[in-house]
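Architecture at a glance
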Amino acid sequence: MVHLLLVEDEVELALPLKLALAREGHGVDLAQDGEEALARLTEQNYDLLILDWMLPGVSGLEVCQRLRKDHRLLPILILTARDGVDDRVQGLDAGADDYLVKPFELKELLARVRALARRSQEAPTQERLTYNDLTLDLTGKLAFRRGVPIELSAKEFQLLTYFLQHQGRVMSHEEIYQYLWQGETAPNSNVVAAQVKLLRRKVDRDFESPLIHTVYGLGYRFGA
Ligand code: CA
């Protein structure tokens, strides 16, 4: 049983699918376009994503690419009427784990969902980073300090992961910038400082022992 997001714009397909998945015991949320899907995915942690390729506005493929770019690891099953080999390759290249061609048998979809759910649940604690009282669950994209969950944006999570992986060493603005915005145009020149400030507010503000330190003129250092 998993908590999944179904993204499908055709209501006459979406509703019966939702019902069938719910009957299997899954918790199912429905989004009807790519924008809505991305919004829900930033608000909640889903175990699995069923994603229609052809959506109004942001396509399913684009949703998939964006999630992978943000290092979101949840399993993704793409639904599509496109059954060419190139289409399959394109879907898998975008980061999908599985690919189902419409029209499909309901029982096949349910079987694929079971397989993906199993895979995602087999490795729940495998990717875990800890430092003192801070824990990052890289699979679930969750951060905890003293066992209390910290709500982080995708970029904040990425930055905190980077900090933990390089604890004790000074990281320059430039290095962090390259890591977080490689190939993208950053919104402004103070973007790293702004991002660190946001992260610090969430990770350090309520604790007497700060983990993120400014090293004047050089950058930042993570550690007690
Ligand atoms: Ca569609």
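Rules used throughout
- Residues numbered from 1 in each chain as written.
- Predicted model: local features only at pLDDT ≥ 70, side-chain atom pairs only at ≥ 80, totals over all residues.
- Heavy atoms only, no water.
- Phe/Tyr/Trp six-rings, centres within 6.5 Å; stacked < 30°, edge-to-face > 60°.
- Helix = DSSP H or I, 4+ residues; strand = E, 2+ residues; numbered from the N terminus.
- Buried < 20%, exposed > 50% of the residue type's maximum accessible area, 1.4 Å probe, protein only.
- Lys NZ or Arg CZ within 6 Å of the ring centre and 35° of its normal.
- Donors = N, O, S within 2.8 Å, 3.2 Å for Na, K, Ca; no water.

Now for the packing of aromatic side chains. The final tally for this structure, using the stated rule, is five aromatic pairs. Ring centres of Phe-163 and Phe-222 lie 6.0 Å apart, and the angle between their planes is 15 degrees; this geometry places the pair in the stacked category. Remark: Phe-222 occurs in strand β12 (residues 219–222) and Phe-163 occurs in helix α6 (residues 154–165); sequence separation between them is 59 residues. We note that Phe-163, like Phe-222, is buried. Look at Tyr-177 and Trp-181: their rings are 6.0 Å apart centre to centre, the planes differ by 25 degrees, and that puts the pair in the stacked class. Taken together, the residues Tyr-177 and Trp-181, both in helix α7 (residues 173–181) and four residues apart, mark about one turn of the helix. Feature note: the residues Tyr-131, Phe-163 and Phe-222 constitute an aromatic cluster, connected by ring pairs. One Lys or Arg, Arg-82, reaches over the ring of Trp-53 and ends 4.4 Å from the middle of that ring. The ring of Phe-207 carries Arg-145 above its face, with NZ or CZ at 4.2 Å from the centroid.

Moving on, we come to the coordination of the calcium ion. Every protein donor of the calcium ion is listed here as Asp-9 (OD), Asp-52 (OD) and Met-54 (O), and their distances to the metal cover 2.1 to 2.3 Å. Each donor residue of the calcium ion lies on one chain, and together they are spaced D-x42-D-x1-M. Placement of Asp-9 in the loop between β1 (3–7) and α1 (11–23) and of Asp-52 in strand β3 (residues 48–52) is noted, with a sequence separation of 43 residues between them. Under the relative-accessibility criterion, Asp-9 is labelled partly exposed at 27%. With relative accessibility at 2%, the residue Asp-52 sits in the buried group.

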